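The primary structure of each chain is shown beneath.
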Amino acid sequence: MAKVTSKFVCQACGAETRKWSGKCESCGEWNSISEEAVTSALGGGVAPKGRRITLTGLKGEAEAPPRLATGIGELDRVTGGGLVPGSALLVGGDPGIGKSTILLQAVASLSKAGPRVVYISGEESIAQVRLRAERLGIADADVLLAAETNVPDILATLSDGPAPAVVVIDSIQTLWTPAIESAPGTVSQVRATSEALIRFAKQRSTCLIFVGHVTKEGQIAGPKVIEHMVDTVLYFEGERGHQFRILRAVKNRFGATDEIGVFEMSDGGLREVENPSALFMGERDDPAPGSAVFAGMEGTRPLLVEVQALVAPSALGTPRRAVVGWEASRLSMVLAVLEAHCGVVMAGHDVYLNVAGGMKVREPAADLAVAAALVSSLTGAPLPRNSVLFGEISLSGAARPVTHGQARLKEAAKLGFEHAIFAQGGSQQVTIPGEMTGRPVSNLADLVAMIAAQSPSQGPPQAQVGEDVLHEFMPSSVPEAQLAQ
Ligand code: TYD
Ligand code: MG
């Protein structure tokens, strides 16, 4: 007879304790611990007798997993070539970002090739899902639909007849099983229901796709509990005010992580974006001070984004530092290095930094582009027309080379850029594509001198404004000769 006990589980981090307390010892969250009943499988503490298993070596036949291509290229790219039968996938993201839309499009596209696909919605009624399908123009797709949240019922339905190739569960937070007393969305419900469904998926070689909502802290609620149980975790991100959406692999047992798929939200649902670099760049016709194009990488894919900076005299005692799309601490570092090693002082200025298109840049390789945008805005001198930048800046003021230099340059050349300003050295040697000119920089002072040399008097008229500033900030560490270049 199984023994029933109760335990106390933190709803924020999933930590378990034997006693209730107001604050979780593990994550420090207040009021997040609730009591849950557990059924101990081991009952009275008698260890069940095990069966001997065969141990084997690393060498042997390893087959590549079969793949179910969804027909949505960007989705297949992120999953590493398509869905894997018998695997579980978690798609996380903010509410309203487009998780239900992309998954409905995916199953509809899959169903065309013949496999049996099931879409179970716990959040929307059948009528709502049908309405969306109509809007997406996929209403005639052969998708089996249900609005259900009870897991034993779902399992009984799925077990009846041939196993479906793909099952979408929208969302994991709505599922519940009567075996557990707590409410849907709590850690124990999320854990138990997803475990049961994953077990079914493995047994019947079904690919299971969970939708998971992200909480305020940016974690999937039922927090982290299911991330380790699934094979693949994809995050859907994007800014509300922008059309583009990025599907990012953060864990993938069947492919590379850090791969991204780029989509655009339109009236007809999510559309794949073939040339993402164009999406993240502003108008390039007129080089404006404060704008720099960063040749970035997202996984294995080069992606050019425009970094915009506005440096303006501040009336505040503590000037503002506002960053959108980049790390605030990284900006502070670049500002500190500019001040310490290049004599560029922005202490009396408000600094605003924005990555165009709502893109979030995570690479330190953007340091050089950010520094260039800042200095260009401060001085009013635009960067050379049609130029891209990449390179990391170290605290000593040195520009450090970054990986994938060649791929970055190739993408820039493909999009018609003519100059590259980048950190070069070490083993990361690159060849500049024929149609481009390269300007390697070895330290940040080099870059500052180069921008200063784009003398405002030769630049557009508004650059005149920057002339006094230019004298004020002129780097002391840069020799005159270099500035005169
Ligand atoms: P949805 O897939 O419901 O988001 P999630 O499941 O992540 O909560 O996406 C809803 C948003 O997408 C909604 O704000 C409307 C928008 N949308 C479009 O712009 N075009 C479309 O064709 C569809 C179906 C939705
Ligand atoms: Mg939804």
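In this convention, every chain numbers its residues from 1, walking through the sequence in written order. Whichever chain is written first becomes A and whichever ligand is written first becomes 1, with later ones labelled in order. Owing to the predicted nature of the model, reporting of local features is limited to residues with pLDDT of at least 70; listing and counting of side-chain atom pairs is limited to 80 or more, with chain, interface and lining totals taken over all residues. Each side-chain value is derived from all of the structure's non-hydrogen atoms; neither hydrogens nor water enter the calculation.

S.K.: Could you give me a rundown of the packing of aromatic side chains, with the residues and numbers involved?
M.R.: Pairing of aromatic rings covers Phe, Tyr and Trp, the last counted by its six-membered ring, and requires centre-to-centre distances within 6.5 Å; plane angles under 30 degrees mean stacked, over 60 mean edge-to-face, and any other angle means tilted. All chains considered together, the criterion is met by 2 aromatic pairs. Measuring from centroid to centroid gives 5.4 Å for F390 and F422, while their planes differ by 20 degrees, and the two rings are stacked. Placement of the pair is F390 in strand β17 (residues 387-390) and F422 in strand β20 (residues 419-423), with a sequence separation of 32 residues. With respect to class, F390 is no different from F422; both count as buried. Starting at the N terminus, helices and strands are each numbered in turn, a helix being any DSSP run of H or I of at least four residues and a strand any DSSP run of E of at least two. Accessible area is worked out with a 1.4 Å probe on protein chains only. A residue is then buried under 20% of its type maximum, exposed over 50%, and partly exposed in between.

S.K.: Quick rundown of the environment of A369? Include the residues and the values.
M.R.: Structurally, A369 is set in helix α8 (residues 367-379). Separated by 53 residues in the primary sequence, A369 and F422 place their C-alpha atoms 9.1 Å from one another.

S.K.: An account of the confidence of the model for the protein chain is requested, with residue identities and associated values reported.
M.R.: What pLDDT expresses is the predictor's confidence in each residue, scored from 0 to 100. Residues of the protein chain with pLDDT of at least 70 account for 87%, and the chain-wide mean is 85. When mean pLDDT is taken per element in the protein chain, strand β5 (residues 117-121) scores highest with 96 and helix α12 (residues 480-484) scores lowest with 39. Any two residues whose heavy atoms approach within 4.5 Å at even a single point are treated as in contact. Across residues 457-485, confidence stays below pLDDT 50; counting only partners more than four residues off in sequence or on other chains, it has 38 contacts.

S.K.: Talk me through the pattern of salt bridges; I want residue IDs and the actual numbers.
M.R.: Criterion for a salt bridge: a side-chain nitrogen of Lys or Arg within 4 Å of a carboxyl oxygen of Asp or Glu. Per the counting criterion, the structure on display carries 14 salt bridges. When the shortest N-O distance is used, the salt bridge between E16 and K7 registers 3.2 Å.

S.K.: Describe the site of ligand 1, listing the residues and the values that go with them.
M.R.: Around ligand 1, the surrounding shell holds 16 residues, and the nearest of these are G96, S100, T101, R132 and S266. The backbone of G96 places a nitrogen or oxygen atom 2.7 Å from an oxygen atom of ligand 1. Counting of polar contacts relies on pairs of N or O atoms within 3.5 Å, with two restrictions inside protein: one atom must be capable of donating a hydrogen and the other of accepting it, and residues adjacent in sequence are counted only when both atoms are side-chain atoms. One nitrogen or oxygen atom from the side chain of T101 is found 2.5 Å from an oxygen atom belonging to ligand 1. Of all elements in the fold, only α2 (99-112), α3 (126-136) and β11 (260-266) reach the threshold of two or more residues within the shell around ligand 1. The residue classification treats Ala, Val, Leu, Ile, Met, Phe, Trp, Tyr, Cys and Pro as nonpolar and Asp, Glu, Lys and Arg as charged. All others, Gly included, are polar. A per-class count over the shell around ligand 1 returns 4 nonpolar, 7 polar and 5 charged. Summary of the distance rule: residues count as near a molecule or strand when at least one heavy atom falls within 4 Å of that molecule or strand.

S.K.: Describe helix α4 (residues 151-159), naming the residues involved and giving the relevant values.
M.R.: Among the residues of α4, V151, I154, L155 and L158 are the ones counted as buried. Along α4, the residues classed as buried sweep out an arc of 95 degrees about the axis, all on the same side. Structural note: α4 exposes A156 and T157 on the side pointing more than 90 degrees away from its buried face. Tucked into the core, α4 has its buried residues touching β5, β7 (166-170) and α5 (187-204). This arc describes the spread of directions from the helix axis toward the C-beta atoms.

S.K.: Describe unusual backbone geometry, naming the residues involved and giving the relevant values.
M.R.: Going from D170 to S171, the amide bond is cis rather than trans, its omega being 5 degrees. Within the element layout of this structure, S171 appears in the loop between β7 and α5. You will see that N386, though not glycine, has its phi angle at about 55 degrees, which is positive. Topologically, N386 is positioned in the loop between α8 and β17. When its relative accessible area of 17% is taken as the criterion, N386 is described as buried. One non-glycine residue, H404, lies in the positive phi region at around 60 degrees. As for its placement among the helices and strands, H404 is situated in the loop between β19 (399-400) and α9 (405-414).

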